[in-house]
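Observations on chain architecture
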Amino acid sequence: MAEGLDRDVLTAATRRGFVAALRILKNRDEAEEACQEAAARAWAARDRYDPSRPFYAWYHRILKNLCLDRLASRNNKPADPEAAEQLPSEATQESSMLAAEDERRVHAAIEALPEDLRAVIELRHFEDASYAEMADILEIPIGTVMSRLYRARKTLKEALS
Amino acid sequence: MTVKDEAYFEALMMKAVDGFLDRAEAEELDRWLAANPDRAAELEEMTSIKEVTDQMRQRLMADARIEPFREDGGARAMSWLLFTLIFAGLALLCGFGVVQMLSNPEVPGAVRWGAGLATAGTLGLFARVLWTRIRSLGSDPYEEIDR
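Here the structure is a predicted model, which is why all the values come from computation and not from measurement. Counting restarts for each chain: residues are numbered from 1 in the order of the written sequence. Note on labels: chains are lettered from A, ligands numbered from 1, in written order. The model is predicted, so local features are restricted to residues of pLDDT at least 70 and side-chain atom pairs to those at 80 or more, both for listing and for counting; the totals for chains, interfaces and linings are taken over all residues.

**A few points about the interface of chain A and chain B**
Placing a C-beta atom from the backbone of each residue, one calls two residues in contact when those atoms lie within 7 Å. Contact residues are listed per partner, giving 38 residues for chain A and 32 residues for chain B. Looking at the side of chain A that touches chain B, the elements that each hand over two or more residues are helix H1 (7–25), helix H2 (28–44), helix H3 (55–73), helix H6 (91–94), helix H7 (97–111), helix H8 (115–126) and helix H10 (142–160) of chain A. Charged residues are taken to be Asp, Glu, Lys and Arg, nonpolar residues to be Ala, Val, Leu, Ile, Met, Phe, Trp, Tyr, Cys and Pro, and polar residues to be all remaining types, Gly included. In terms of residue class, the side of chain A that touches chain B is made up of 20 nonpolar, seven polar and eleven charged. A helix here means a DSSP run of H or I that spans at least four residues, while a strand means a run of E at least two residues long, and both kinds are numbered starting from the N terminus.

As structure tokens, then:
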């Protein structure tokens, strides 16, 4: 077994990756399947994991590619519009209307961000990625992560105010 | 104040939003924010946005059916065994039937030719798929791919 990689680490990564998969696939069942499949692939390929790098970054790469493959297998069709509304609208079921409205606005503002800024927000806010993990995943220095995160949050703040 | 100073404190603001500040950094940031009330308001708004996304994340995670990972080698081996049995049985049945048909002079020639061609095509297709799988062994399609 690769040093530092055990089933608990993999399970934690799988849970963290769920929201990322959901945001790509826009479908809860598919996202769950993709997370589990990515875990199985990571486990099968664990001998290739470099323990000097953050594990989640490695798992995230496998998961993202798996999700992109699943998207491609839909014959490049755009996501089902009803399913695409799943993320913000779910809030209406259990939270107050005010919170639901906040979530819808924040969700729309995040979707409107440029790709590089949206990536840091999604990693930090929805996958709980550390700065080091974000740097590894995005292949940029930590200083750049911090400045992008600031720009992203500032853009979001301006969009929402 | 230089641009570098601004970037430094903006990084501290990010750590504050994420709850990563240590005591010394927190005190340093507090002093700076006291002198820059507009930045203090900015930090407050950014923290509010983070709280909203935290709620979104928790809600999405709440009913996710993510099972603890376990290596299911036994089930996978059993599946392979069952598939192998089914495949071997079908191959025997079909092979025997085709041989019987081809060697029976009472079967019309067109049927025998048809059965022969269909068998040859099936075997060729199977060999091609097998060859493709063998060639792809050892290459990981998910290895460090930039897309």
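**Concerning H2 of chain A**
Residue and element names in this part refer to chain A. Expected helix span is computed as 1.5 Å times (number of residues minus one). With 17 residues, H2 extends 24 Å between its outermost C-alpha atoms, agreeing within 8% with the 24 Å of an ideal straight helix rising 1.5 Å per residue. Exposure classification rests on a simple neighbour count of other C-beta atoms within 10 Å of a residue's own: a residue reaching 20 or more is buried, one at 12 or fewer is exposed, and one in between is partly exposed. C-beta atoms are placed from the backbone. Inspection of H2 places Ala 31, Ala 34, Cys 35, Ala 38, Ala 39 and Ala 42 among the buried residues, and these make up the whole buried set. Buried residues along H2 cover an arc of 135 degrees about the axis, so they all sit on one side. Along H2, exposed side chains directed more than 90 degrees from the buried face belong to Asp 29 and Ala 44. Here the arc refers to the set of directions running from the helix axis out to each C-beta atom.

**So, helix H3 (residues 37–62) of chain B**
The first and last C-alpha atoms of H3 of chain B sit 37 Å apart over 26 residues, in line with the 38 Å expected at 1.5 Å per residue. All of the buried residues along H3 of chain B are Leu 43, Met 46, Ile 49, Thr 53, Met 56 and Leu 60 of chain B.

**Details of the nonpolar core**
To count as a nonpolar core, a set of buried Ala, Val, Leu, Ile, Met, Phe, Trp, Tyr and Cys residues must be joined through C-beta atoms within 7 Å. In terms of nonpolar packing, the biggest core is built from 55 residues, with Ala 21, Ala 34, Ala 38, Tyr 59 and Leu 63 of chain A touching the most fellow members. Look past the residues within four positions of Leu 63 of chain A in its chain and what remains in contact with it is Gly 17, Ala 20, Ala 21, Ala 34, Cys 35 and Ala 38 of chain A.

**Some points on the confidence of the model for chain B**
Residue and element names in this part refer to chain B. pLDDT expresses, on a scale from 0 to 100, how confident the predictor is about each individual residue. On average, residues of chain B score 83 in pLDDT, and 85% of them are at 70 or above. Mean pLDDT values for the elements of chain B range from 83 in helix H4 (residues 73–103) up to 95 in helix H2 (residues 23–35). Confidence over residues 141–147 falls short of pLDDT 50; this stretch has seven contacts with residues more than four positions distant or in other chains.

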